[in-house]
Amino acid sequence: MTHKPQIKIPATYMRGGTSKGVFFRLKDLPEACQSPGEARDKLLLRVIGSPDPYQKQIDGMGGATSSTSKTVILAEPTQPDHDVDYLFGQVSIDKPFVDWSGNCGNLTAAVGAFAINSGFVAKDRIPENGTCTVRIWQANIKKTIVAHVPITNGEVQETGDFELDGVTFPAAEVQVEFMDPADGEGSMFPTGNLVDDLEVPGVGTLKATMINAGIPTIFVNAEDIGYKGTELQDDINSDPKALARFETIRAHGAVKMGLIQNIEEAANRQHTPKVAFVAKPSEYVSSSGKNIGAGDVDVLVRALSMGKLHHAMMGTAAVAIATASAVPGTLVNLAAGGGDRTHVTFGHPSGTLRVGAEAKEVDGQWTATKAIMSRSARVLMEGWVRVPGDSF
């Protein structure tokens, strides 16, 4: 045989929030993959089962959705007063690339537990019973995130009664704080405006709020593009023309935000920015059959991830939603009724989510100081993942 045999790499398969991913310790990766580059990307693609023209990821750990085509690498902290470095890779399903341009807020909830279980957190900082505060350096976006992980008898508590729409079973609550979530290298509103006129060929000129908090996100009004804000996944994902229209909006918004130089570059930057549409509260039935009343939420939001409508809400987009809602005059704030607010409850396809956010205006520039949300996480499987030795 001329083909190299499979190798096995220590790995943990975890759910964090409404996402799942394969978690690695940097030191456990093959030496060629311990540094950023082609070898690492090829390895992670093979682990997940991409690129797959069938878009099923049958020959890998991925679940054929943006929420389940994810990888995480944890390493010793490079920043003082932090416990761990967290690097997130969004693996394309049908194309041969890994997008390192942003964070996964949902999987952040699992990072704290994985860091504790993997020895990154000093034992004297883990209580016998109580809560362990894990200080995470998010290496993709260079931001601090603090996870408050419940501990019982000296071990991570995973089971509990905290319910999260989009996740079938209850689990222990993990509170996650996104510190200073706005882009530290530029304005939280890259264009300098709370609302822009975004010209999109073939679509028209749309009112848009473009914000960089949690993750770069483009918000448009649902009614401006022919929607109500109560749509579920199949309403969007079964319509190729609608998906193409959203990708066009995303590409032109990315150019206006300065994230890319021309719209052609958007194809190689699928993870960011996100595009979402908002609407005033209205009753609807969630994907699980749960009735959501207009009085249950402040605003309706639907967001796309990796070219498809998300089944719930990305954690980083939830930060963007909460931050935008806290700034009077944005489309999110206006759809939520306007005025000042420090938290928002929004409706998404799977149900509702409450997120807190603080924003302030200094010298005419808005900035976010903190966003807080509760998620849950648990280990699904641990041991080794196997890949052909000639994969990378």
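Just above, that's the structure.
The structure displayed is predicted, hence computed values, not measured ones. Per-chain numbering applies: the sequence of each chain, read as written, is numbered from 1 onward. Reporting in this predicted model follows two pLDDT cut-offs: at least 70 for local features of residues, and 80 or more for side-chain atom pairs to be given and counted; totals over whole chains, interfaces and linings ignore these cut-offs and use all residues. Think of the side-chain values as coming from all heavy atoms in the structure, minus any hydrogens and water.

Caption draft 1: Region of the structure containing helix H4 (residues 240-256). A rise of 1.5 Å per residue sets the reference length of H4, with its 17 residues, at 24 Å; its end C-alpha atoms lie 24 Å apart and thus fit the reference within 8%. Buried within H4 are the following residues: Ala242, Leu243, Phe246, Ile249, Arg250, Ala251, His252, Gly253 and Ala254. Any pair of nitrogen or oxygen atoms within 3.5 Å is treated as a polar contact; in protein, a donor-acceptor pairing is required on top of that, and neighbouring residues in sequence qualify only through side-chain atoms on both sides. Strands are runs of DSSP state E lasting at least 2 residues, helices are runs of H or I lasting at least 4, and numbering of each runs from the N terminus. Where H4 begins, the side chain of Asp239 points an oxygen toward the backbone nitrogen of Lys241, at a separation of 3.2 Å. Take the residue count of a helix, subtract one, and multiply by 1.5 Å to get its expected span. Type-normalised accessible area, obtained with a 1.4 Å probe on protein chains alone, sets the label of each residue: buried when under 20%, exposed when over 50%, and partly exposed for intermediate values.

Caption draft 2: Focus on the side chain of Ser325. Along the polypeptide, Ser325 turns up in helix H5 (residues 315-325). On the accessibility criterion, Ser325 (0% relative accessible area) is buried. When checking whether two residues touch, look at their non-hydrogen atoms; a contact exists if any pair is within 4.5 Å. If sequence neighbours within four positions are ignored, Ser325 has contacts with Thr330, Val332, Asn333, Gly339, Arg341 and Val344.

Caption draft 3: Expanded view of the pairing of strand S9 (residues 174-179). Bridge count between strand S7 (residues 143-152) and S9: 4 bridges; the pairing is antiparallel. Paired with Val146 across the two strands is Glu177, which belongs to S9. Pairing between strands requires that DSSP locate at least two bridges from one strand to the other.

Caption draft 4: How the structure looks around the environment of Ile93. Considering the arrangement of structural elements, one finds Ile93 in the loop between strand S4 (84-91) and strand S5 (98-99). Residue Ile93 is classed as buried on the basis of its relative accessible area of 15%. Sequence separation between Ile93 and Pro53 is 40 residues; the distance between their C-alpha atoms is 8.2 Å. Ignoring any residue separated from it by four or fewer positions in sequence, one finds Ile93 in contact with Ser50, Pro51, Asp52, Gln55, Gln57, Ala64, Thr65, Ser66 and Ser69.

Caption draft 5: Representation of the packing of aromatic side chains. Think of it this way: a Phe, Tyr or Trp ring, Trp meaning its six-membered ring, pairs with another when their centres are within 6.5 Å, and the plane angle makes it stacked under 30 degrees, edge-to-face over 60, tilted otherwise. Evaluation of the coordinates by the stated rule reveals 4 aromatic pairs. Ring centres 5.4 Å apart and planes at 55° place the aromatic pair Phe23 and Phe114 in the tilted group. Taken together, the residues span a long stretch of sequence, with Phe23 in strand S2 (residues 19-25) and Phe114 in helix H2 (residues 105-117) at a distance of 91 residues. Overall, the relative accessible area of 6% leaves Phe114 in the buried class. On the numbers, 5.5 Å between centres and 20° between planes, the contact of Phe246 with Phe277 is stacked. Residue Phe246 is found in helix H4, and its partner Phe277 is found in strand S13 (residues 274-279); the two are separated by 31 residues along the sequence. Pair check on accessibility: Phe246 and Phe277 agree, each one buried. Here the aromatic residues Tyr227, Phe246 and Phe277 are joined through ring pairs into a cluster of three or more.

That's the geometry; what it means functionally is another story.
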